[in-house]
Amino acid sequence: MSYQLYRNTTLGHTLQESLDELIQYGQITPQLACKVLLQFDKSINQTLATRVKSRLTFKAGKLNTYRFCDNVWTFMLNDVEFREVQEITKIDKVKIVACDGKSYVEMKAPGVLQNLREFINR
């Protein structure tokens, strides 16, 4: 199972709205919509991990808060400078969420994924 972070992007929201509309008009089932979202999660995580080659660095003036929960780091930063080659961008407030490459659900409860797959395939 992949992280669902990217559902909260413009692309993810648009996909969810489109699926909701298709369900509303009876053109697809909610189960199919769930399968599509799960495939979206898997595909976007895999694509970003394997195809994105650009790198950037950042330096923060202040680390406000940080948290580590369920293998997910969350950082709240102030006065952040991002640098990519020669381009520099300064931002007042930034929230960074960093996830472990392994699925937390798979590590903590391996049977959950099988049960979810069985439920979706009904």
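You'll find the structure just up there.
Residues numbered from 1 in each chain as written. Predicted model: local features only at pLDDT ≥ 70, side-chain atom pairs only at ≥ 80, totals over all residues. Heavy atoms only, no water.

(A) Region of the structure containing a nonpolar patch on the surface. On the surface, Leu63, Tyr66, Phe68 and Trp73 cluster together into a nonpolar patch covering about 440 Å² of accessible area. When residues in the nonpolar patch are grouped by element, the largest group, 3 residues, is from strand 1 (residues 57–69). Secondary-structure assignment places Tyr66 in strand 1. Here Tyr66 falls in the exposed class, since its relative accessible area comes to 57%. (Patch = residues over 30% accessible without salt bridge, like charges linked within 9 Å, V, L, I, M, F, W, Y side chains within 5 Å. Areas by Shrake-Rupley, 256 points an atom, 1.4 Å probe, with all protein chains shown as cover. Salt bridge = Lys/Arg side-chain N within 4 Å of Asp/Glu carboxyl O. Helix = DSSP H or I, 4+ residues; strand = E, 2+ residues; numbered from the N terminus. Buried < 20%, exposed > 50% of the residue type's maximum accessible area, 1.4 Å probe, protein only.)

(B) Expanded view of the sheet that holds strand 2 (residues 72–84). Ordered by their spatial adjacency, 3 strands build an open sheet running 1-2-3, and the pairing between neighbours is antiparallel. Taken across any chain shown, the strands that pair with only one partner, and hence form the sheet edges, are strand 1 and strand 3 (87–99). Each strand axis lies, on average, 10 degrees off the axis of its neighbour in the sheet, ignoring direction. Taken together, the 11 bridges between strand 1 and strand 2 define a ladder with antiparallel strand orientation. Across the sheet, the residue bridging to Leu63 is Leu77, located in strand 2. (Pairing = 2+ DSSP bridges. Axes fitted to C-alpha atoms, helices over the stretch in contact; angles between N-to-C directions.)

(C) Layout of helix 2 (residues 30–51). Counted at 1.5 Å a residue, the expected span for helix 2 with its 22 residues is 32 Å, and the 31 Å between its end C-alpha atoms agrees. Taken as a whole, helix 2 has its buried residues at Ala33, Leu37, Phe40, Asp41, Ile44 and Asn45. The buried residues of helix 2 occupy an angular sector of 110 degrees when projected down its axis, which confines them to one face. In this structure, helix 2 carries Ala49 and Arg51 as exposed residues pointing more than 90 degrees from its buried face. For helix 2, the secondary structure elements touched by its buried residues are helix 1 (10–24). (Expected span 1.5 Å × (residues − 1). Arc of directions from axis to C-beta. Contact = heavy atoms within 4.5 Å.)

(D) Broad picture of the packing of helix 1 against helix 2. Helix 2 packs onto helix 1 with a crossing angle of 165 degrees between their chain directions and a minimal axis gap of 10 Å. With respect to helix 2, the axis of helix 1 lies roughly antiparallel. Pair helix 1 / helix 2 crosses with right-handed handedness. Counting all contacts with helix 1, which are made through Leu11, Gly12, Leu15, Gln16, Leu19 and Ile23, the residues of helix 2 involved are Pro30, Ala33, Val36, Leu37, Phe40 and Ile44. Class assignment of the residues belonging to the contact of helix 1 with helix 2 gives a composition of 10 nonpolar, 2 polar and no charged. (Parallel < 35°, antiparallel > 145°, perpendicular 65-115°, else oblique. Left-handed = near helix turned anticlockwise from the far one by under 90°. Nonpolar A, V, L, I, M, F, W, Y, C, P; charged D, E, K, R; others polar.)

(E) Spotlight on the side chain of Glu81. Its place among the elements puts Glu81 in strand 2. Here Arg83 takes part through its side chain, which lies 3.0 Å from a polar atom of the side chain of Glu81. When near neighbours in sequence (up to four residues on either side) are disregarded, Glu81 contacts Thr57, Phe58, Lys59, Ile88, Thr89 and Lys90. (Polar contact = N/O pair within 3.5 Å; in protein donor to acceptor, adjacent residues only side chain to side chain.)

(F) Local environment of helix 1. Taking 1.5 Å of rise per residue, 15 residues should cover 21 Å, and helix 1 covers 21 Å from first to last C-alpha, within 8% of that figure. Once helix 1 finishes, Gly26 follows within two positions and takes phi at roughly 75 degrees, a positive value.

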